[in-house]
Amino acid sequence: MELTFRQQTGCFPKNQRVGAKPNILMKKTILTASGAFLACAVTAVAGPINGKGIPADAFIVGHIDCDAAVKTPLGREIKRLITATPDSNFKAEDFKKKGIAQVNDITLGSVLSGGKDVLTFVVRGQFQPELIYAAAAKDQLKIVNVGKHRFAVVNLSQKMNMKNTPVSDTNSDHVYFCPIDTKTIIGVSDLKCANQLIAAHSGAAKSYMPPAALLTYGKNTGTPWVLAYGTNAKPQASSGGIEIPLPKTLFVALGEHAGQLKSRVALDYNSSAEAQQFYDTVHMVLSILTSTMASQVNDPDGKPDPAKVKSADDLKKIIAAVKHSAKDKRYTLSFDWPATELIRLIKEAENKKQKLLQ
């Protein structure tokens, strides 16, 4: 059973059909942005969430506070792992050569336009537009004009070696980005919506204002690295045989505080029965993961493999740390885990990879 991004999160624009094509742009942009912010040197203090430049009618918004992340031990360890890899695509020196000196925070928003959802994003930091355009020319990226602003076009399908598709102003496999000034890069998945971003950035149109409830919710993780909010959901069932109720609103917060990685999720449903049903589904998935891992610790000769046993024990501990419940119409999930333990797991995985390459 395959669910789309909005089916998984419960964030649907009105009349979104079940089984729609997964939003490759949202997934790819979030991965790229996450790697980019960890690879760049950050010094300024970013706010918990900044909606400036994102259209006011966005129904899904996610915010990554890069500064908050790399000021924590776990964030620094993730940055080290990404940038230390010899063939890493996220080396700070490479970004600087391309005009990206530092990234402070990233905000993504999804808006509805012409019956489809469009990804928008704003990256804040320190940039050199002339170097960014020079790098785009070197990479043979097409440049398109929107008024006085120039947008470079990235073909995500080609980047992911999926297929060779031509540049189109409405092709969902393309993203358009513009270093609109030395502190801001704006981007969009449909060029027809570029003027909305430009207007929101300049103040000619209203930008997205995060709900106060989201900012309050984020405090549960100290200073959050990631905040996300989704609304305008239309509860629907999946088409794969298992009915998964979809929430009306979604709150997500992730951060590190007092040496603990803290994750919080809250989903509001139309009824307490739907919240309970989702709780039962998550509980079942966690139970299956635990039992499956426990049943795969033996070698072909039937004897326990110490490495597999250790991995199974680690997974059991992590799953045991997941606390979730359903009360009234709200489903909540929390996960607190010592950052030192996650750093240990990262280093162990890195050592295993190095041994395999030797």
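Our subject is the structure listed above.
The model shown is predicted, which means the values in this text are computed figures rather than measured ones.

So, how was this worked out
Every residue gets a number counted from 1 within its own chain, in the order that chain's sequence is written. Local features in a predicted model are, by the rule used here, given only for residues with pLDDT of at least 70; side-chain atom pairs are given and counted only at 80 or more, and totals for whole chains, interfaces and linings are based on all residues. Just so you know, side-chain values use all the structure's heavy atoms and leave hydrogens and water out. Residues belong to one nonpolar core when they are buried, are Ala, Val, Leu, Ile, Met, Phe, Trp, Tyr or Cys, and are joined through side-chain atoms within 4.5 Å. With a 1.4 Å probe rolled over the protein chains alone, any residue whose accessible area is under 20% of its type maximum counts as buried; one over 50% counts as exposed, and the rest are partly exposed. Only residues whose relative accessible area exceeds 30% and that form no salt bridge enter a patch; like-charged residues are grouped when within 9 Å of one another, and nonpolar side chains (Val, Leu, Ile, Met, Phe, Trp, Tyr) when within 5 Å. Methods summary: accessible areas were calculated by the Shrake-Rupley approach with a probe of 1.4 Å, and residue burial reflects only the protein chains presented. Just to be clear on terms, a salt bridge is a Lys or Arg side-chain nitrogen sitting within 4 Å of an Asp or Glu carboxyl oxygen. By definition, any uninterrupted DSSP run of H or I lasting at least four residues is a helix, any uninterrupted run of E lasting at least two residues is a strand, and each is numbered from the N terminus. Residue contacts follow a heavy-atom distance rule, with two residues in contact if any of their heavy atoms lie within 4.5 Å. The convention used is that axes are lines fitted to C-alpha atoms, helices contributing only their stretch in contact, and that angles between N-to-C directions extend from 0 to 180 degrees. By definition in this entry, angles of less than 35 degrees are roughly parallel, angles greater than 145 are roughly antiparallel, angles of 65 to 115 are roughly perpendicular, and the rest are oblique. Helix crossings are classified by the rotation of the near helix relative to the far one: an anticlockwise turn of less than a right angle makes the crossing left-handed, while a clockwise turn makes it right-handed. Any pair of nitrogen or oxygen atoms within 3.5 Å is treated as a polar contact; in protein, a donor-acceptor pairing is required on top of that, and neighbouring residues in sequence qualify only through side-chain atoms on both sides. Centres within 6.5 Å make a pair out of two Phe, Tyr or Trp rings, where for Trp the six-membered ring is used; the pair is then stacked when the planes are under 30 degrees apart, edge-to-face when over 60, and tilted otherwise. A positively charged side chain is recorded as over a ring if its NZ (Lys) or CZ (Arg) lies within 6 Å of the ring centre. The angle to the ring normal must also be within 35 degrees. When DSSP finds at least two bridges between two strands, those strands are taken to pair.

Among the nonpolar cores identified, the biggest contains 30 residues, and F151, Y176, I186, V188 and L191 are the most heavily contacted of them. Membership of the second largest hydrophobic core comes to 23 residues, among which are W225, F278, Y331 and F335.

The grouping of M284, V285, I288 and L289 at the surface amounts to a nonpolar patch, some 330 Å² of accessible area in total. The residue I288 is located in helix α10 (residues 272-294) in this model.

Before going further, it helps to spend a moment on the environment of N298. Note that N298 resides in the loop between α10 and α11 (306-320). Residue N298 is classed as partly exposed on the basis of its relative accessible area, which comes to 39%. On a C-alpha basis, the gap between N298 and V309 in space is 8.1 Å, while along the polypeptide they are 11 residues apart. Every residue in contact with N298, bar those within four places of it in the chain, is listed here: K303, P304, D305 and K308.

What follows covers the packing of α11 against helix α12 (residues 339-357). The N-to-C vectors of α11 and α12 enclose an angle of 150 degrees; their axes lie 13 Å apart at closest approach. Taken together, the axes of α11 and α12 are roughly antiparallel relative to one another. Here α11 runs over α12; the crossing is left-handed. In this structure, α11 uses K310, S311, D314 and I318 to contact α12, whose residues at the interface are R344, L345, E348 and K352.

Here we come to unusual backbone geometry. Positive phi is not limited to glycine here, since Q140 has a value of about 60 degrees. Counting through the fold element by element, Q140 comes out in the loop between α6 (129-138) and β4 (143-146). Under the relative-accessibility criterion, Q140 is labelled exposed at 73%. Of note, A258 is a non-glycine position whose phi angle comes to about 55 degrees, a positive value.

Relative to the helices and strands, H174 resides in strand β6 (residues 174-181). At 3.2 Å, the side chain of H174 forms a polar contact with the side chain of N155.

So, on to the packing of aromatic side chains. A full pass over the atoms with the stated rule returns five aromatic pairs. A centroid spacing of 5.7 Å and a plane angle of 50 degrees characterise the contact between Y217 and F251, whose relative ring orientation is tilted. Remark: F251 occurs in strand β9 (residues 249-257) and Y217 occurs in helix α9 (residues 212-218); sequence separation between them is 34 residues. Both residues of the pair, Y217 and F251, belong to the buried class. Here the aromatic residues Y217, Y229 and F251 are joined through ring pairs into a cluster of three or more. The lysine or arginine in question, R150, covers the ring of Y133, its NZ or CZ lying 3.8 Å from the ring centre.

Glancing now at the sheet that holds strand β12 (residues 330-338). Strand order in the open sheet formed by 12 strands is β4-β5-β6-β7-β3-β2-β1-β8-β9-β10-β12-β11, with antiparallel pairing between adjacent strands. At either margin of the open sheet sits one strand with a lone partner, and together these are β4 and β11 (322-327). Between one strand and the next, the sheet's axes are offset by a mean angle of 15 degrees, whatever the strand orientation. Of the pairings in the sheet, the one linking β11 to β12 comprises six bridges and is antiparallel in character. Among the inter-strand pairings, V322 is bridged to a residue of β12, identified as F335. Against the sheet, α11 touches β11 and β12, its axis set at about 35 degrees to β11.

Moving on to the pattern of salt bridges. Under the criterion given, the structure shown has 12 salt bridges. Note that D190 is salt-bridged to K116, the shortest N-O span being 3.1 Å. One end of the pair, D190, is in the loop between β7 (184-188) and α8 (194-202); the other, K116, is in strand β3 (residues 116-127), and 74 residues separate them in sequence. The buried category is assigned to D190, whose relative accessible area is 3%. Counted as one network, the salt bridges with shared partners bring together K310, D314, E341, R344 and E348.

Distances and angles like these do not, on their own, reveal function.
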